Amino acid sequence: MKKTVFSLYILVFFSCVSTGLFARDINLDGIYINPESPYYHTLLEKKLEAYQVAHSQFVDRDVIFACWGDGFTVLYVKEFPRINVVYSYNRTSRRHQELFRTTGTITAFKNSASGTYLFMKRLLAGSSLIPRGETIVLSVTSRSVMTLESTYPFIDFSLAPGGDTLLYETKDGIAEYAPDTGRSELLIRRQAYAGIVRSGEPAIAAVSPNRKKHIIVSGSGGSYRSVISVAGASWELPGLTSASELFWVDNTILVYRVGDAGNYSVNLYNTATRKSSEILKNSLNTNILFSVYPRIISFLKDQVIQVYDVRKQNIIMTGLEGEDVSFSPDGNRFVSIYLKKLFITGISMVKRSNIELMKTANEIAVLYQNLLDSGKNLNNEYSREYIRRKISVYRAMPE
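Residues numbered from 1 in each chain as written. Predicted model: local features only at pLDDT ≥ 70, side-chain atom pairs only at ≥ 80, totals over all residues. Heavy atoms only, no water.

K.L.:
I'm lost on the sheet that holds strand β26 (residues 323-327) in this one. Help?
P.N.:
Within a beta sheet, neighbouring strands are joined by backbone hydrogen bonds and run either parallel or antiparallel to one another. Read from one edge of the open sheet, four strands run β1-β28-β27-β26, paired in antiparallel fashion. Bordering the open sheet on either side are β1 (57-60) and β26, each of which pairs with just one other strand. Across the sheet, the mean angle separating the axes of adjacent strands is 20° when strand polarity is ignored. Judged from the six bridges that link them, strand β27 (residues 333-338) and strand β28 (residues 341-346) form a sheet pairing that is antiparallel. Bridge pairing in β28 links Y338 to K341. Against the sheet, helix α3 (residues 38-53) engages β27 and β28, with an angle of about 165° to β27. (Pairing = 2+ DSSP bridges. Helix = DSSP H or I, 4+ residues; strand = E, 2+ residues; numbered from the N terminus. Axes fitted to C-alpha atoms, helices over the stretch in contact; angles between N-to-C directions. Contact = heavy atoms within 4.5 Å.)

K.L.:
Could you clarify how one ought to interpret helix α6 (residues 383-395) in this entry?
P.N.:
Residues spaced three or four apart along an α-helix face the same direction, because each turn holds 3.6 residues. End to end, α6 covers 18 Å across 13 residues, agreeing with the expected 18 Å (1.5 Å per residue, within 8%). Those residues of α6 that sit buried are S383, E385, Y386, I387, R389, K390, I391, V393 and Y394. (Expected span 1.5 Å × (residues − 1). Buried < 20%, exposed > 50% of the residue type's maximum accessible area, 1.4 Å probe, protein only.)

K.L.:
Would you take a moment to explain unusual backbone geometry for this structure?
P.N.:
Peptide bonds are mostly trans, and most non-glycine residues show a negative phi. With phi around 50°, D302 is a residue other than glycine that occupies positive phi space. Relative to the assigned elements, D302 resides in the loop between β23 (296-301) and β24 (304-309). A residue is classified by how much of its surface remains accessible, and D302, at 3% relative accessible area, is buried. Positioned with a positive phi, Q303 is a non-glycine residue whose angle comes to about 85°. The residue Q303 is located in the loop between β23 and β24 in this model.

K.L.:
I'm lost on the pairing of strand β7 (residues 117-124) in this one. Help?
P.N.:
Regular strands place side chains that alternate from one sheet face to the opposite one. Most of β7 is tucked away, with eight of its eight residues classed as buried. The alternating pattern of β7 places Y117, F119, K121 and L123 on one face and L118, M120, R122 and L124 on the opposite face, and all of these are buried. Relative to β7, strand β6 (residues 105-111) runs antiparallel, the two sharing six bridges. By the bridge assignment for β7, A108 is matched with K121. Alignment of β7 against strand β8 (residues 132-139), held across eight bridges, turns out to be antiparallel.

K.L.:
So what exactly am I meant to see when it comes to the packing of helix α5 (residues 354-374) against α6 here?
P.N.:
Angle between the axes and distance between the axes: these two values describe a pair of packed helices. The interhelical angle for the contact between α5 and α6, taken along N-to-C directions, is 155°, at an axis separation of 8 Å. Relative to α6, α5 is oriented roughly antiparallel. Crossing hand, α5 versus α6: left-handed. Residues A361, I364, A365, Y368, Q369, L371 and L372 of α5 pack against R384, Y386, I387, R388, K390, I391, Y394 and R395 of α6. (Parallel < 35°, antiparallel > 145°, perpendicular 65-115°, else oblique. Left-handed = near helix turned anticlockwise from the far one by under 90°.)

Structure, rendered in structure tokens:
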């Protein structure tokens with residue numbers, strides 16, 4: 001089956017993800033495999049078993065977003081019927097503490113550089129058929145809550161580098177909002193990027209660590225335009241297909257997503273040479289995140305977590321499935337969510353458990369192969385292509 005046909009089918013799922021319509025952690029096995037199949041439940045159990053093999057620390061269930069507050073604390077959102085609760089979790093004492101409660105549907109969850117503030121996007125049902133969007137600013141220290149009005153229902157903000165401020169679009173351009181003072185200051189005038197703005201779509205900015213360069217992105221659903229501004233020159237970054245999977249790795253390099261649904265790649269772009277290089281190709285989704293302090297990029301190869309060390313320029317395939325992967329400031333541990341279960345995993349334990357993880361990966365590949373050979377309990381005509389890709393990624397687990 002051609003990859004393009006497969007891509008067309010899963011476009012409906014990943015276009016929803018790219019616009020923030022659903023939380024992350026979509027269980028693709030449940031889409032392509034009949035849950036009544038005995039292979040289905042065994043596959044899920046084996047993937048959870050991989051976390052045991054890696055000696056991961058289980059934190060909580062029904063989790064939809066997570067991030068690091070500091071090296072010892074994880075902040076996360078747990079979903080309950082009709083309410084969401086933000087918790088902190090201390091990995092040494094293993095104690096949970098409730099911080100905030102909020103209604104609505106959470107579509108984005110980010111923390112400031114110092115961990116002082118949490119920024120959330122939520123949808124609230126209103127009188128019209130279209131939900132109303134709000135940006136919520138939570139102070140972890142004072143437990144105060146501030147609301148920023150927003151006309152866009154999904155994520156329409158980014159974080160400023162090295163501080164506790166938020167970047168969002170106003171009628172005059174990109175402004176920087178400081179929660180501690182409640183003041184906003186215009187950072188980038190609208191004239192600088194007016195040519196890429198699409199009607200009804202927000203413009204989202206990413207600013208380099210030294211604040212001398214920036215890229216503005218506008219669009220939705222995998223279709224975007226962008227403009228990079230460096231030392232008075234400006235040009236478009238070709239092929240970019242996500243505003244949220246875009247980060248400055250340093251003052252010169254950007255990491256970003258290219259490709260279309262079911263066939264995504266992870267690229268690095270050098271703003272000095274204006275050349276890009278590919279570090280991952282042909283993935284169902286990528287879920288790129290960049291952890292600033294340890295300088296580690298995380299992304300997915302067909303749902304399996306990959307880790308790219310910027311300093312060493314090497315990739316580690318973990319053998320674990322999950323999303324929302326971010327690293328602690330020291331780079332020793334990462335959080336991930338699989339089946340709405342939140343885990344903390346030591347990267348050193350992943351390396352030490354390589355042989356056992358290889359064995360588990362092989363067992364998962366065999367289960368997928370047996371399911372494919374049986375020809376039963378496949379949910380749709382695209383299931384075979386999905387299963388073949390899962391077999392391939394698990395068999396690629398390095399020795």
